[in-house]
Amino acid sequence: MVVGVRLVRVRAARCFSWVLQAMVVVLLGVALDRVAMSANLLTGAIDTSAATIEWTFQELLRRPNIIDKAHQELDRAIGKEGWIEEEDFSKLPYIDALIKESFRLHPLCTLLPPHYSTEDGNVAGYDIPKGTTVFVNAWSLGRNSKYWDRAEEFIPERFIENNIDMKGQNFAFLPFGLGRRKCPGYSLGIKVVRTTMAKLLNGFNWKLAGDMRPVDISMEEIYGLSTHPNKPISLIMESRLPLHLY
Ligand code: HEM
């Protein structure tokens, strides 16, 4: 009898400890999910915008005439007496176009994360059944001469006076992915990139440091979660607005 009572007690205690362990595991799971989600958001938020700006400068320094055109646009739109503000961006179609051109040639996810087809389809004569894992090569679509004239060249003008979609409707241009898993941070990302690029161009002249020439800039990529230049460049920035504004 005594043994029986002890057994029951031991079972009750074990049962309680299992429940406790299960609760800890569930809570830990929720916490880890949150940590993972926050890490995802941070990576999405910081690295992507920074890498886009890095690539854009890499391209601009190879063609200083594009920087001159951007400066002329800024001077026409807001003059040289103040800093550009976010709401001024609609007056800067050329800078908008050069950012899009940078996204076309340097999508940060060269190969989009895996997607699943939600219905049966046919691509280039191949049947793709519903539920197939699909990897979209955004890099190669952005450089495909079937869709882009002089595809390998950096020509911002191709994005002027046309409204080429960036949010997954134009399959030749997918900097933010497409479908249900497309980038949820699009609005924030594009605002950060536009504002930062516009302010950096508005406030500074840009030159290559040392004896580096535009033709020496390497466009080699290094792959990771997002794609960065393999050989980043050193730049000299000089103020171009009245000094009291800095
Ligand atoms: C220039 C800025 C950005 C670019 C180019 C970019 C690009 C992308 C791309 C290509 C994907 C994959 C989409 C797909 O699989 O179809 C993605 C996913 C994601 N992005 Fe961004 N992103 C940017 C900014 C941001 C920001 C600011 C955030 C958060 C605040 C963010 C959060 C995420 C998250 C959480 C995912 C995963 C979505 C999922 O798998 O369901 N991104 N992003």
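What you see is a predicted model; the values in this text were computed from it and never measured.

Draft legend 1. Fine view of the overall build of the protein chain. Along the backbone of the protein chain there are five helices and eight strands. Secondary structure elements in the protein chain, listed N-terminal to C-terminal, are α-α-α-β-β-β-β-α-α-β-β-β-β. Of the contacts formed within the protein chain by residues at least 6 apart in sequence, a portion of 70% connects residues at least 24 apart.

Draft legend 2. Representation of the packing of helix α2 (residues 64–78) against helix α3 (residues 93–105) within the structure. Two numbers describe how α2 lies on α3: the axes approach to 8 Å, and their chain directions differ by 145 degrees. Side by side, α2 and α3 meet where Ile66, Lys69, Ala70 and Glu73 of the first sit next to Tyr94, Ile95 and Leu98 of the second. In the contact of α2 with α3, the residues fall into five nonpolar, no polar and two charged.

Draft legend 3. Geometry of α2. For α2, with 15 residues, the first-to-last C-alpha span of 21 Å sits near the 21 Å given by 1.5 Å per residue. Taken from the residues just after α2, Gly79 is the one with a positive phi, measuring 80 degrees.

Draft legend 4. Inspection of the pairing of strand β8 (residues 235–239) at higher detail. Burial analysis of β8 places just zero of its five residues in the buried class, a small minority of the element. As judged from the five bridges shared by strand β5 (residues 204–208) and β8, these two strands associate in the antiparallel manner. Note on β8: the bridge partner recorded for Trp206 is Met237.

Draft legend 5. Representation of the UniProt feature "binding site: heme" (unreviewed entry) in the protein chain within the structure. The UniProt record marks Cys183 with the feature "binding site: heme" (unreviewed entry), using the residue numbering of this structure. Relative to the helices and strands, Cys183 is located in the loop between α4 (138–142) and α5 (186–203). Taking the C-beta count within 10 Å as the criterion, Cys183 has 21 such neighbours and is therefore assigned buried. In contact with Cys183, other than residues within four places in its own chain, are Phe176, Gly177 and Gly189.

Draft legend 6. Structural view of the environment of Leu74. Within the element layout of this structure, Leu74 appears in helix α2. Judged by C-beta crowding, with 23 C-beta atoms within 10 Å, Leu74 ranks as buried. Measuring from C-alpha to C-alpha, the distance between Leu74 and Ile95 comes to 8.8 Å, with 21 residues separating the pair along the chain. Setting aside residues no more than four positions away along its own chain, Leu74 makes contact with Ile84, Leu92, Leu201 and Asn202.

Draft legend 7. The arrangement of the environment of Leu105 in detail. Residue placement: Leu105 occurs in helix α3. Note on Leu105: 19 C-beta atoms within 10 Å, which makes it partly exposed. Sequence-wise, Leu105 and Trp55 are 50 residues apart; in three dimensions their C-alpha atoms are separated by 9.2 Å.

Draft legend 8. Structural context of α3. With 13 residues, α3 should reach 18 Å at 1.5 Å per residue; the first-to-last C-alpha distance of 19 Å fits that figure. Buried residues of α3: Ile95, Asp96, Ala97, Leu98, Ile99, Glu101, Ser102, Phe103 and Arg104, and no others.

Draft legend 9. A look at unusual backbone geometry. Despite not being glycine, Arg150 has its phi angle at roughly 40 degrees, a positive value. Within the secondary structure, Arg150 sits in the loop between α4 and α5. A residue is classified by how many C-beta atoms lie within 10 Å of it, and Arg150, with 9 of them, is exposed. Its identity as a non-glycine residue notwithstanding, Glu161 has a phi of 55 degrees, on the positive side. Here Glu161 lies in the loop between α4 and α5.

Draft legend 10. Spatial organisation of the nonpolar core. Ala70, Ile95, Leu98, Ile99, Met197, Ala198 and Leu201 are the most contacted members of the largest nonpolar core, which has 18 residues in total. Only α1 (2–60), α2, α3 and α5 provide two or more residues apiece to this core. In contact with Leu201, other than residues within four places in its own chain, are Ile67, Ala70, His71, Leu74 and Ile95. Core analysis: the second largest hydrophobic core is formed by five residues, Leu112, Ala138, Trp139 and Leu174 among them.

Draft legend 11. Broad picture of the packing of α3 against α5. Their axes nearest at 10 Å, the elements α3 and α5 cross at an angle of 120 degrees. As summarised for this structure, α3 and α5 are arranged oblique, according to the angle between their axes. Viewed along their axes, α3 and α5 form a crossing whose handedness is right-handed. Along its contact with α3, which presents Ile95, Asp96 and Ile99, the element α5 presents Val193, Arg194, Met197, Ala198 and Leu201. Counted by class, the contact of α3 with α5 contains six nonpolar, no polar and two charged residues.

Rules of the game
Residues numbered from 1 in each chain as written. Predicted model: local features only at pLDDT ≥ 70, side-chain atom pairs only at ≥ 80, totals over all residues. Helix = DSSP H or I, 4+ residues; strand = E, 2+ residues; numbered from the N terminus. Contact = placed C-beta atoms within 7 Å. Axes fitted to C-alpha atoms, helices over the stretch in contact; angles between N-to-C directions. Nonpolar A, V, L, I, M, F, W, Y, C, P; charged D, E, K, R; others polar. Expected span 1.5 Å × (residues − 1). Buried ≥ 20, exposed ≤ 12 C-beta atoms within 10 Å, placed from the backbone. Pairing = 2+ DSSP bridges. UniProt positions renumbered as here; feature names shortened; annotations may be inferred. Core = buried A, V, L, I, M, F, W, Y, C linked by C-beta atoms within 7 Å. Parallel < 35°, antiparallel > 145°, perpendicular 65-115°, else oblique. Left-handed = near helix turned anticlockwise from the far one by under 90°.

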